[in-house]
Amino acid sequence: MSRRIAVGQGSCGIAAGAHKVASALLPLLAGKDITLSTVGCIGMCWLEPIVDLYEDDRLLARLVKVQPQHTAAIAEAVITGDLSGVADLMITPEDNAFLTQQTRIALRNCGIIDPESIESAKQAGAYSAIGRILSAENGMTPEDVIECIKVSGLAGRGGAGFPTWFKWNAARQAAGDEKYLICNADEGDPGAFMDRAVIESDPHTLIEGMLIGAYAIGAQEAIVYVRAEYPLAIKRLEQAIFEAREAGYIGKNIMGSDFSCEFRIKAGAGAFVCGEETALIESLQGQRGMPRLKPPFPAQSGYWNKPSNINNVETFANVAWIITNGGEAFAAMGTEDSKGTKVFALTGKIRRGGLVEIPMGMTLRQVIFDIGGGIRDGGTFKAVQMGGPSGGCIPASLLDTVIDYKKLAATGAIMGSGGMVVMDDSTCMVSMAKFFLDFTAKESCGKCVHCRIGTKRLQEILTRIVEGEGQDGDIELMEELCNAVRDGALCGLGQTAPNPVLSTLRYFRAEFEAHIREKRCPSHTCTALLHYAIDPEKCRGCTACARNCPVYAISGAVREAHEIAPEACIHCGKCMTVCKFGAVTVQ
Amino acid sequence: MNCECSRQHSDLSLLEPVFAEYADVKGSLITILQHAQEIYGYLPSDVIYCIAERTGETPARVFGVATFYTQFRFQPVGKYLIMLCDGTACHVNGSARIAAAVQEYLHVENGGTTEDGLFSFSIVACLGCCSLSPVMMINDSTYGSLTPELVLEILKDIQAKEAAE
Ligand SMILES: Cc1cc2nc3c(=O)[nH]c(=O)nc-3n(C[C@H](O)[C@H](O)[C@H](O)COP(=O)(O)O)c2cc1C
Ligand code: FES
């Protein structure tokens, strides 16, 4: 019997202070027969830092929101086996339900194994699927692998949802001996962090999935394109590739077979459009990340114009499981046309924010309310944004929509890569639409006119609306522009850039109209449209507001009601925050 | 071999190991620029000319690639680079208030550096810690669940530490 303490150290755990907890624990365990190990992210980000106590492989207790001052009690508990001293830190059954309602395949080892140790990954089954494929007696041919993936119904998790087997097969069939397998870990959608978590917490699962892909299409080189903002992911992946090479899973004649494959990491340099597969290839070749016209598709002519296959991190993270458990087991989960599970990054105004992996076919309501615990701080649900800058907002009336590629697309949003940003009634939908157009206008690579100029014009119209300068006809003008950009743009960035505008117009048109016609922001967000006033009944004439007003717009004698001069007011809201009597109102 | 482009006075010999590893590997321009930025903190123009010469590219193409990507900087940055996230999750959770607090306290614009050269401030999209939003990074450390008060505390801590040195 041996006991072990595991400290969750993904980027978010570290930001919450997990390093400090681990270094405080270390001296307390000196000379004791207890191991202190690092694990990745279990996905319960709102409870970080998280410390797990194990006896052999059995989880004794999960302690949450741990701070360095708790470490003495934790060390004591694990040494003596008496957990009463840490009872206060134990996760509540309610919070634990966040995990028990999930079905984890891509995330199966996240937060459980040590991402910096290949031994730990192997104990959890890493490299057994590739071992089976390459075994001399009952191995699988590349065609067998592709067939198994076809049966599973696995579709790309990077956004478009294209069947994985089809892409693999096209690359396999393409002429030529030099082929490449590329993993898209650019994860540009703001608000999404599933891929980061997988790489930081379980890099060997990604490597194994890529090895299987490389074997299936006949590639001799595999490249992971990781965004530069993920330094920890890059570090752990480098370490994992090193260990896998030492162990004979990467390089020449892998596991004694005649399959050889090299691995390489390429760090991105900060450009959202490089998540688009052809732009990513340009960037890999050391060029500006400008998309290419398709066809030809990468399967025919990709990296250095050789047949190439690109998949997302989460897509690869499912592959080894499918080989081990069979395509049918994966296809048994989900809906008619969406199989298996999907990981979502649940964030925004949600009570329990983190990583959620669920079988396709669950409803949005189940994910947001049952698993995520609903809206935090007593707010009311207003919308959920899915698919980031290419997606849309889904309103409360459609919360019973099931998670499925087609059903979500019908709402005007998309499945996307898995960002799920929840908004409450304090979020202004017009300014959300503007937020996304600011983003796409900035990230447009400039190659095609529709995207470069179209997104800019949309951004300008939205800016004038939130600044109170909206005009009659703006909504119609935006709709016309949106259609033109969607139809005329070269790549997915431009083609989908209008989605955030179209979907908010579809469900929240009244909010646009209030901004344009009544110069009013119903959720009190757009500063230019806020009107502050002082209620003379409640004002005691304490002068706090007048003294704090940065532009001296408030006048009034001591102990008499004060007044705001509307033409001088800059709508900063300072008076409202300093008033102790609740006399300042906003409309 | 040394480059002739010495309009500025960066120590170009520091680039030699980088060239030794990558100059002949096709498609390595971005990697070389990343290493150069690590060495100099930004990309001085003499360094860019030197890279062009040694990789056989035109300076225009090297500038073209470097300016395409937000990671590359053409001005020196402060000792502490504050990257404040304004991704979707952080935006919804009030990153604008944090930005205002930083700007008011340090008197810097987005993309600017304080007069004492201590802090540079830049607003970015998504650091991948969305569940702790609003989030910022200062050099390699990530800070989550920010409030205007907390962010001032963090900045003051750094200033105090620097003053003590
Ligand atoms: C503007 C734009 C950004 C994209 N960003 C990403 C990304 O960050 N990660 C990703 O995996 N796919 C992204 N994609 C989708 C890729 O082009 C490609 O479809 C995907 O990587 C294929 O992998 P999959 O079949 O496994 O989904 C993006 C597409 C567009 C148009
Ligand atoms: S949106 Fe700010 S870290 Fe992702």
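Note that the structure is a prediction, hence the values are computed from the model and not measured.

The rules we used
Residues numbered from 1 in each chain as written. Chains lettered and ligands numbered in written order. Predicted model: local features only at pLDDT ≥ 70, side-chain atom pairs only at ≥ 80, totals over all residues. Heavy atoms only, no water. Helix = DSSP H or I, 4+ residues; strand = E, 2+ residues; numbered from the N terminus. Buried < 20%, exposed > 50% of the residue type's maximum accessible area, 1.4 Å probe, protein only. Contact = heavy atoms within 4.5 Å. Areas by Shrake-Rupley, 256 points an atom, 1.4 Å probe, with all protein chains shown as cover. Lys, Arg positive; Asp, Glu negative; His and termini not counted. Charge placed at Lys NZ, Arg CZ, Asp CG, Glu CD. Buried area = accessible area lost by both parts, 1.4 Å probe. Salt bridge = Lys/Arg side-chain N within 4 Å of Asp/Glu carboxyl O. Polar contact = N/O pair within 3.5 Å; in protein donor to acceptor, adjacent residues only side chain to side chain. 1 Å grid on protein atoms, 1.4 Å probe; cavity = no way out; pocket = protein on both sides within 12 Å on 5 of 7 lines; lining within 4 Å. Points joined across faces, edges and corners; volume = space filled by probe spheres on them. Nonpolar A, V, L, I, M, F, W, Y, C, P; charged D, E, K, R; others polar. Axes fitted to C-alpha atoms, helices over the stretch in contact; angles between N-to-C directions. Parallel < 35°, antiparallel > 145°, perpendicular 65-115°, else oblique. Left-handed = near helix turned anticlockwise from the far one by under 90°. Near = heavy atom within 4 Å. Sits in = over half its atoms within 2 Å of the grid points. Expected span 1.5 Å × (residues − 1). Arc of directions from axis to C-beta. Phe/Tyr/Trp six-rings, centres within 6.5 Å; stacked < 30°, edge-to-face > 60°. Lys NZ or Arg CZ within 6 Å of the ring centre and 35° of its normal. pLDDT = per-residue confidence, 0-100. Pairing = 2+ DSSP bridges.

A. Here's a closer look at the overall build of chain B. Scanning chain B from N- to C-terminus turns up 7 helices and 4 strands. Structurally, chain B occupies a C-alpha span of about 55 × 35 × 25 Å along its principal axes. Here chain B, with 165 residues, has 50% of them falling under the buried criterion. At a minimum sequence separation of 6, the contacts of chain B that also span at least 24 residues come to 62%. Here chain B displays about 7,900 Å² of accessible surface, and carbon together with sulfur accounts for 51% of that area. Seen as two clouds, the 9 positive and the 20 negative side-chain charges of chain B have centres 4 Å apart.

B. Up close: the interface of chain B and chain A. The interface is formed by 31 residues belonging to chain B together with 47 residues belonging to chain A. The junction of chain B with chain A conceals about 3,000 Å² of combined surface from both sides, 61% of it contributed by carbon and sulfur atoms. Contact with chain A buries area across many residues of chain B, yet B:Phe68, B:Thr88 and B:Val92 alone supply 21% of it, more than any other trio. On inspection of chain B and its partner chain A, the count reaches 0 salt bridges. Viewed at the interface, chain A and chain B are joined by 16 residue pairs in polar contact (both at pLDDT 80 or more). Mapped onto the side of chain B that touches chain A, the elements with two or more residues apiece are α2 (29-40), α4 (59-68) and α5 (88-92) of chain B. Examining the composition of the side of chain B that touches chain A, we find that 5 residues originate from one element, α4(B), more than from any other.

C. Broad picture of unusual backbone geometry. Across the junction of A:Lys294 and A:Pro295, the peptide omega takes the value -10°, indicating a cis bond. Topologically, A:Pro295 is positioned in the loop between α12 (277-284) and β8 (308-312). Residue B:Pro134 is reached from B:Ser133 by a cis peptide bond, and omega for that bond is -5°. If you trace the backbone, B:Pro134 turns up in the loop between β2 (119-124) and β3 (136-138). Of note, A:Asp377 is a non-glycine position whose phi angle comes to about 55°, a positive value.

D. Highlighting the layout of surface pockets. Residue and element names in this part refer to chain A. Taken as a whole, the second largest pocket spans an internal volume of roughly 1,400 Å³. Taken together, 49 residues form the lining of the second largest pocket, with Gly158, Gly159, Ala160, Gly275 and Glu277 sitting closest to its centre. Only α8 (164-173), β8, α16 (405-410) and α20 (492-496) provide two or more residues apiece to the lining of the second largest pocket. Ranked by residue count, the leading element in the lining of the second largest pocket is β8, at 5 residues. Classifying every residue of the lining of the second largest pocket by side-chain character gives 18 nonpolar, 20 polar and 11 charged.

E. Region of the structure containing the packing of helix α10 (residues 203-217) of chain A against helix α11 (residues 231-246) of chain A. Residue and element names in this part refer to chain A. Here α10 crosses α11 at 60°, and the two axes come no closer than 9 Å. When the interaxial angle is binned, α10 and α11 end up oblique. In this structure, the crossing between α10 and α11 has a hand that is right-handed. Residues Pro203, His204, Leu206 and Ile207 of α10 form the contact with α11, whose participating residues are Arg236, Leu237, Ala240, Ile241, Glu243 and Ala244. Its residues assigned to classes, the contact of α10 with α11 comprises 7 nonpolar, 1 polar and 2 charged.

F. Fine view of the site of ligand 1. All names here are of chain A. Residues in contact with ligand 1 amount to 18 residues; listed here are only the nearest, Gly158, Lys167, Asn311, Asn312 and Thr315. Note that an oxygen atom of ligand 1 is positioned 2.7 Å from one of the backbone N or O atoms of glycine 158. Interatomic distance of 3.1 Å between a backbone N/O atom of glutamate 187 and an oxygen atom of ligand 1. Of all the cavities here, the one that holds ligand 1 is the second largest pocket. No other element matches the 3 residues that β8 contributes to the shell around ligand 1. Across the shell around ligand 1, the residue classes break down as 3 nonpolar, 9 polar and 6 charged.

G. Structural view of helix α18 (residues 449-466) of chain A. All names here are of chain A. Given a rise of 1.5 Å per residue, 18 residues ought to cover 26 Å, and the 26 Å separating the end C-alpha atoms of α18 matches this to within 8%. What α18 keeps buried is the set Cys451, Gly454, Thr455, Leu458, Gln459, Ile461, Leu462, Ile465 and Val466. The arc that holds the buried residues of α18, viewed along the axis, is 165°, so those residues lie on one side. Looking at the buried positions of α18, the neighbouring elements they touch are α17 (429-443), α19 (474-488), α20 and α21 (499-517). Looking one or two residues beyond α18, the residue adopting positive phi is glycine 468, at roughly 85°.

H. Focus on the pattern of salt bridges. Residues and elements named next belong to chain A. Tallied over the full model, the rule gives 33 salt bridges over all chains. Linking glutamate 282 and arginine 292 is a salt bridge whose minimum nitrogen-to-oxygen distance equals 2.7 Å. Of the two residues, glutamate 282 is situated in helix α12 and arginine 292 in the loop between α12 and β8; the sequence distance between them amounts to 10 residues. For the pair formed by glutamate 282 and arginine 292, the shared burial category is buried. Several salt bridges converge on common partners, so that one network encompasses Glu94, Asp95, Arg351 and Arg352.

I. Layout of the packing of aromatic side chains. All chains considered together, the criterion is met by 15 aromatic pairs over all chains. A centroid spacing of 5.6 Å and a plane angle of 80° characterise the contact between A:Trp165 and A:Phe166, whose relative ring orientation is edge-to-face. A relative accessible area of 21% means that A:Trp165 is categorised as partly exposed. By relative accessible area, which is 43% here, A:Phe166 ends up partly exposed. With a centroid separation of 5.8 Å and an interplanar angle of 35°, the aromatic rings of B:Tyr80 and B:Phe119 are classed as tilted. On the criterion of sequence distance, the pair formed by B:Tyr80 in strand β1 (residues 80-85) and B:Phe119 in strand β2 is long-range, its members being 39 residues apart. The exposure classification of B:Tyr80 matches that of B:Phe119, with both residues buried. Through a chain of ring-to-ring contacts, the aromatic side chains of A:Phe162, A:Trp165 and A:Phe166 assemble into a single cluster. Over the ring of A:Trp165 we find A:Lys150, and its NZ or CZ is 4.3 Å from the ring centre.

J. The arrangement of the confidence of the model for chain B in detail. Predicted confidence across chain B gives a mean pLDDT of 93, with 95% of residues reaching 70 or more. This complex was scored by the predictor with a pTM of 0.95 and an ipTM of 0.92.

K. Region of interest: the sheet that holds strand β4 (residues 58-63) of chain A. Residues and elements named next belong to chain A. Pairing in this open sheet of 4 strands is mixed, and the strands run β2-β1-β3-β4 from one edge to the other. Every other strand in the sheet has two partners, leaving β2 (34-39) and β4 as the edge strands with one partner each. Sheet twist, expressed as the mean angle between neighbouring strand axes with direction ignored, is 25°. Sheet topology places strand β1 (residues 3-8) next to β2; 6 bridges connect them, and they run parallel. Considered in β2, the bridge of isoleucine 5 is made with leucine 36. Here helix α3 (residues 71-80) sits on the sheet and contacts β1, β2, β3 (51-55) and β4; the angle it forms with β1, its principal contact strand, is near 150°.

L. Representation of the side chain of B:Thr142 within the structure. Here B:Thr142 lies in strand β4 (residues 141-143). Residues within four places of B:Thr142 in sequence aside, it is in contact with A:Ala15, B:Cys129, B:Val135, B:Met136 and B:Met137.

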